[in-house]
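# Coordinate analysis (summary)
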Amino acid sequence: MALAVTSSSTAISGSSFSRSGPCSDRKALQICSFRLSDLSHVSQRRYSLKAESPPTRNDSLVTRASTLITPGVEEKEEDVEDFEQLAKKLEEASPLEIMDKALQRFGSNIAIAFSGAEDVALIEYARLTGRPFRVFSLDTGRLNPETYRLFDAVEKQYGIRIEYTFPDAVEVQALVRNKGLFSFYEDGHQECCRVRKVRPLRRALKGLKAWITGQRKDQSPGTRSEIPIVQVDPVFEGLDGGVGSLVKWNPLANVEGGDVWNFLRTMDVPVNALHAQGYVSIGCEPCTRPVLPGQHEREGRWWWEDAKAKECGLHKGNIKKEDDSTTADLAPAIVHDIFESSNVVALSRGGIENLLKLGNRKEPWLVVLYAPWCPFCQAMEASYVELAEKLAVKGIKVAKFRADGDQKEFAKQELQLGSFPTILLFPKSAPRAIKYPSEHRDVDSLMSFVNLLRSVRKHDDKELVLELMATLTRGRESY
């Protein structure tokens, strides 16, 4: 029995996707140098998929079949593609070109991993190629209702059926019975993600030769800044089994988030309703929240953990392993310092220790504990530098202390470091530093913190912290 599938294919432009700045209205219908008018110039492609019964094996012929060659026919060795070279070749290609290449190369053995906004863009690009495509998704059992409604809307928009994969019920039951529903708040999200996401994904990928993700380099500078357009998957195995049996495509790797959203709005496709409520990166309901001004988009995920833990395990291959386990922070080889300003004092270990010892200081000090590679520190750099300029005229010292690497344990024990960035205020007359309790890192919120507490005395600091929290909570409700 043969099944014929006919589909149209549009011409693919050689120009690259715009990587900086929003699209102008004039170019609204020319996303990725692909004009919708091009749909009138289509070439017809015909695919034949044959469903045949597997041949009966004759063991007596196995040996001879493996050694004999049909006369006049030379053995042809299967081509092995160099995906590292292909990634370099496609570095300037548009997402549409990359998608077309991926679907052409792997056919029904490749599928789009779908969960959010970038993945809707991938589905739209797949549609524009005119080629058949598959979509799969992981239903962890703890997604937001808005996410399930998005799944339904996407299926109806594109006339597809998403191939859902679910976690093993026995494993979920054991995890919840042993550790409760919210154990990840206490001992990290990795175990829960392993049960609900990583293992189901591993099963799904075993049925494919390649998969397509919506990863972008600007999503998480600490773990995704060097993702290639296409690569041999460093973690998961595919249909043929073994290392190197699965290929991973990232068509949006070089695209900025703003350009993705311009494309989605122009094409008028479904998006998650949570985006309108301040959510940017959306995962499971207990582990996702809106981001605030001055925060990086990934800061809305697993916010109670350090920046190095901002991967759930689906893209574990992005995380670089350090030779020295004591400095295993996700730091790239070359890191440029941040918070560079004449109004920001760089404190050494001795300097911060002296500040801790002083009971009566000449002026208040505001200090950020940071790691220059941390995307959340990078996101608040502009606000902190602007704040330093404003506080300089008020006689308040603003400083920074690099607290990663060898200084991290000291910072945890002596400076209340929980995750990066941590902001401390050393009042004039209080021996103990006061930790900034809010996720608001805009100039106005930080200024309120300083103004309320810069002259606090030891006996009334708790009362003022409570007042500050009430103030910031009212501010949060206004967003």
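In case you missed it, the structure is sitting above this.
The residue numbering used here restarts from 1 in each chain and proceeds along that chain's sequence as written. Given that the model is predicted, a residue must reach a pLDDT of at least 70 before its local features are reported, and side-chain atom pairs must reach 80 or more before they are shown or counted; all residues, however, enter totals for whole chains, interfaces and linings. Heavy atoms from the whole structure form the basis of all side-chain values; hydrogens and water molecules are not counted.

### Concerning the sheet that holds strand β3 (residues 110-113)
The strands making up a sheet associate through backbone hydrogen bonding, with each pair oriented either parallel or antiparallel. For two strands to be treated as a pair, DSSP must find at least two bridges joining them. Runs of E in the DSSP output that reach at least two residues are strands. Runs of H or I that reach at least four are helices, and both are numbered from the N terminus. With respect to topology, six strands assemble into an open sheet ordered β5-β4-β3-β6-β8-β7, the strand pairing being mixed. Here the strands that pair on one side only, and so sit at the sheet edges, are β5 (163-165) and β7 (230-232). Neighbour to neighbour, the strand axes of the sheet diverge by 25° on average, direction disregarded. As paired strands, β7 and strand β8 (residues 247-249) are joined by three bridges and run antiparallel to one another. When the bridges of β8 are listed, Val230 appears paired with Trp249. Lying over the sheet, helix α4 (residues 117-129) contacts β3, β4 (135-138) and β6 (210-212), oriented at roughly 145° with respect to β3. Contact between two residues is taken to exist if any of their heavy atoms lie within 4.5 Å; hydrogens are not considered. Lines fitted to C-alpha atoms define the axes here, with helix axes fitted over just the stretch in contact, and angles between the N-to-C directions of these axes take values from 0 to 180 degrees. In the packing of helix α8 (residues 190-205) onto the sheet, contacts are made with β4, β5 and β6, and the angle to β4 comes to roughly 155°.

### Re the packing of helix α12 (residues 381-392) against helix α14 (residues 443-453)
Remark: α12 packs on α14, axes separated minimally by 9 Å, with the N-to-C direction vectors making an angle of 45°. Overall, the two elements α12 and α14 adopt an arrangement that is oblique. Considering how the two elements wind past one another, α12 and α14 form a crossing that is right-handed. The residues of α14 that touch α12, namely those facing Ser383, Glu386, Leu387, Lys390 and Leu391, are Val443, Leu446, Met447 and Val450. Working rule for angles: under 35 degrees goes down as roughly parallel, over 145 as roughly antiparallel, 65 to 115 as roughly perpendicular, anything else as oblique. A crossing counts as left-handed when the near helix is turned anticlockwise from the far one by less than a right angle, and as right-handed when that turn is clockwise.

### Notes on the packing of aromatic side chains
Each aromatic pair joins two rings of Phe, Tyr and Trp (for Trp, the six-membered one) with centres within 6.5 Å, and gets the label stacked for planes under 30 degrees apart, edge-to-face for over 60, and tilted for any other angle. Scanning the model with the defined rule gives 14 aromatic pairs in all. Seen from their ring centres, Phe339 and Tyr384 are 5.2 Å apart, and the 65° between their planes marks the pair as edge-to-face. Of the two residues, Phe339 sits in the loop between α9 (257-267) and β9 (344-346) while Tyr384 sits in helix α12, which places them 45 residues apart along the sequence. Neither residue differs from the other here; Phe339 and Tyr384 are each classed as buried. Judged by centre distance (6.2 Å) and plane angle (80°), the ring pair of Phe401 and Phe410 falls under edge-to-face. Each residue's exposure class comes from its accessible area (1.4 Å probe, protein chains only) as a fraction of the maximum for that residue type: buried when under 20%, exposed when over 50%, partly exposed otherwise.

### Comments concerning the pairing of strand β10 (residues 365-370)
Buried residues dominate β10, accounting for six of its six residues. Here β10 runs beside strand β11 (residues 397-402); their pairing, made up of six bridges, is parallel. Directly across from Val368, in β11, lies its bridge partner Lys400. Here five bridges tie β10 to strand β12 (residues 422-426), and the two strands are oriented antiparallel to one another. Counted as the bridge partner of Trp365 is Phe426 from β12.

### Examining a nonpolar patch on the surface
A grouping of Leu181, Phe182 and Tyr185 is seen on the molecular surface, where their side chains present a nonpolar patch of about 290 Å² in accessible area. Residue position: Leu181 is located in the loop between α6 (169-179) and α7 (184-187). Residues enter patches when their relative accessible area tops 30% and they take part in no salt bridge; the joining distance is 9 Å for like charges and 5 Å for the nonpolar side chains Val, Leu, Ile, Met, Phe, Trp and Tyr. Note that accessible areas follow from Shrake-Rupley with a 1.4 Å probe, and for residues the cover is restricted to the protein chains shown. Between Lys or Arg on one side and Asp or Glu on the other, a salt bridge is scored when a side-chain nitrogen of the former is within 4 Å of a carboxyl oxygen of the latter.

### Concerning the environment of Phe236
Its place among the elements puts Phe236 in the loop between β7 and β8. Separated by eleven residues in sequence, Phe236 and Val247 place their C-alpha atoms 9.2 Å apart.

### What about the pairing of β3?
Here β3 shows a buried face lined by Ile110 and Ile112 and a second buried face lined by Ala111 and Ala113. Examined bridge by bridge, β3 and β6 share three bridges and lie parallel to one another. Each bridged residue has a counterpart across the sheet, and for Ile110 the counterpart in β6 is Ala210. Examined bridge by bridge, β3 and β4 share two bridges and lie parallel to one another. From the neighbouring strand, Ile112 faces β4, where its bridge partner is Val135. If you view a crossover with the strands going away from you and the path from the first strand over the helix to the second runs clockwise, you call it right-handed. Running through α4, the crossover from β3 to the neighbouring parallel element β4 is right-handed.

### Topic: the sheet that holds strand β13 (residues 434-435)
As summarised here, the arrangement of the five strands in space is β9-β11-β10-β12-β13, forming an open sheet in which the pairing is mixed. Edge strands, defined here as strands with exactly one partner in the open sheet, are β9 and β13. As paired elements, β9 and β11 share three bridges and run parallel to each other. Looking at the pairing, Val345 lines up with Ala399 of β11. Together, β10, β12 and β13 form the strand contacts of α14, whose direction differs from that of β12 by roughly 25°.

### Quick word on the pattern of salt bridges
For the structure shown, the criterion picks out 14 salt bridges. We note a salt bridge from Glu155 to Arg161, for which the minimum N-O separation is 3.6 Å. Measuring nitrogen to oxygen at the nearest pair gives 2.9 Å for the salt bridge that ties Arg349 to Glu353. One end of the pair, Arg349, and the other, Glu353, are both in helix α10 (residues 349-357), four residues apart, so they sit about a helical turn from each other. A residue is classified by how much of its surface remains accessible, and Arg349, at 34% relative accessible area, is partly exposed.

### What about the state of the cysteines?
Two cysteine sulfur atoms make up a disulfide if the distance between them is within 2.5 Å. Across all of its chains, the model carries zero disulfides by this definition. Not engaged in a disulfide, the cysteine Cys284 finds its nearest cysteine sulfur in Cys287; these two sulfurs lie 6.0 Å apart. Here Cys284 falls in the buried class, since its relative accessible area comes to 14%.

### Describing unusual backbone geometry
Residue Phe420 is joined to Pro421 through a cis peptide bond whose omega torsion reads -10°. Among the structural elements, Pro421 can be located in the loop between α13 (408-414) and β12. In this structure, Asp268 is a non-glycine residue whose phi angle is positive, near 55°. Within the secondary structure, Asp268 is located in the loop between α9 and β9. Backbone geometry places Phe339, a non-glycine residue, at a positive phi of 60°.

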